[in-house]
Amino acid sequence: MNKYSLITAVAIIVIIIPVLYGVWSIFSVEQLQLGTPNIEFSYFDMASYETIQICNPMPFFVSFNGFSIATYYVQDLKGIFEAGPTTIDPNTIEVLELNFYSENFAESQYLFMHMDGQFDGEVPVRLDPSSMIVVTTFDTKIIGVIPYQSTITQSGFDFSKMMNEKSSCEND
């Protein structure tokens, strides 16, 4: 093998490895499973105790630069839960500390408490549950430089249902 072929092969490998790592990072972040550290999920508890459980079912470490859950009611932002950069070990569950921000904390707590009651069937429907939207966003970077967001938009009921499901890490 001549020296130019060797230099070309090394250059190709040096370029491909970071790109593959970035693509793997995006794929891995999308496989993360959210859950509640409590027995049953409650929006009110999540806003009060500011914790969430994340399961990494992959056999590799998963890293992301940021994580947020934005809650909307009738297209009005009611609150944002955020966490900073995190690395989660393979096949483990980690409880993350969240920061909750809201322009009107009392209003968001009332909405969360009322939705929890409606989704559990404990209170009559007074607020339209189909108007609550939850947007979950994971921020990561491709090649360590190019920002990428993986976003999931769900109804408030679907998010609550997902949070109450057992994760792959709990089933093992």
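Residues numbered from 1 in each chain as written. Predicted model: local features only at pLDDT ≥ 70, side-chain atom pairs only at ≥ 80, totals over all residues. Heavy atoms only, no water.

Engineer: Would you mind going over unusual backbone geometry in detail, with residue names and values included?
Structural biologist: Apart from glycine, the bulk of residues carry a negative phi angle, and the bulk of peptide bonds sit in the trans form. We note that Val74 has phi near 50°; this positive angle belongs to a residue other than glycine. Mapped onto the elements of the fold, Val74 is located in the loop between β4 (66-73) and β5 (76-83). Val74 sits in the exposed class, given a relative accessible area of 54%. In this structure, Asn91 takes a positive phi of about 50° despite not being glycine. Looking at where Asn91 falls in the secondary structure, it is placed in the loop between β6 (86-88) and β7 (92-97). (Helix = DSSP H or I, 4+ residues; strand = E, 2+ residues; numbered from the N terminus. Buried < 20%, exposed > 50% of the residue type's maximum accessible area, 1.4 Å probe, protein only.)

Engineer: Go over the pattern of salt bridges, please, and point to the residues and values.
Structural biologist: Inspection of every chain in the model, using the stated rule, returns 2 salt bridges. Two residues, Lys78 and Asp76, come together in a salt bridge whose shortest N-O distance is 3.0 Å. Take Lys78: its relative accessible area is 10%, and that puts it in the buried class. Classification of Asp76 as partly exposed rests on a relative accessible area of 40%. Between Glu107 and Lys78 there is a salt bridge, with the nearest N and O atoms lying 2.2 Å from each other. Taken together, the residues span a long stretch of sequence, with Glu107 in helix α3 (residues 105-120) and Lys78 in strand β5 at a distance of 29 residues. Counted as one network, the salt bridges with shared partners bring together Asp76, Lys78 and Glu107. (Salt bridge = Lys/Arg side-chain N within 4 Å of Asp/Glu carboxyl O.)

Engineer: I'd love a proper account of helix α1 (residues 3-31), names of residues and values included.
Structural biologist: Over its 29 residues, α1 extends 42 Å from the first C-alpha to the last, a length consistent with the 42 Å expected when each residue adds 1.5 Å. Taken residue by residue, α1 has Gly22, Ser25, Ile26, Ser28 and Val29 as its buried positions. Packed against the buried residues of α1 are β3 (62-64), β9 (132-142) and β10 (146-155). Of the residues that open α1, the one with a side-chain oxygen 3.2 Å from the backbone nitrogen of Tyr4 is Asn2. (Expected span 1.5 Å × (residues − 1). Contact = heavy atoms within 4.5 Å. Polar contact = N/O pair within 3.5 Å; in protein donor to acceptor, adjacent residues only side chain to side chain.)

Engineer: Before we move on, can you summarise the sheet that holds strand β1 (residues 33-35) with the specific residues and values?
Structural biologist: Read from one edge to the other, the open sheet built from 3 strands follows the order β1-β2-β7, with strand pairing classed as antiparallel. Pairing within the sheet leaves two strands with one partner each, and these edge strands are β1 and β7. Neighbour-to-neighbour, the strand axes of the sheet open up by a mean angle of 30°, direction not taken into account. The sheet contact formed by strand β2 (residues 51-56) and β7 spans 6 bridges and is antiparallel. Within β7, the residue paired with Asn56 across the bridge is Thr92. (Pairing = 2+ DSSP bridges. Axes fitted to C-alpha atoms, helices over the stretch in contact; angles between N-to-C directions.)

Engineer: Just give me the short version of the sheet that holds strand β8 (residues 99-101), but keep the residues and values in it.
Structural biologist: Read across the open sheet, the 5 strands follow the order β8-β5-β4-β9-β10; overall the sheet is antiparallel. At either margin of the open sheet sits one strand with a lone partner, and together these are β8 and β10. Here the strands of the sheet are splayed against their neighbours by 20° on average, with no regard to which way each runs. Pairing geometry for β4 and β5, over 7 bridges, is antiparallel. Residue pairing for β5: Thr71 is matched across the bridge by Gly79. Its contacts with the sheet put helix α4 (residues 156-164) on β4, β9 and β10, and the angle it makes with β10 is roughly 100°.

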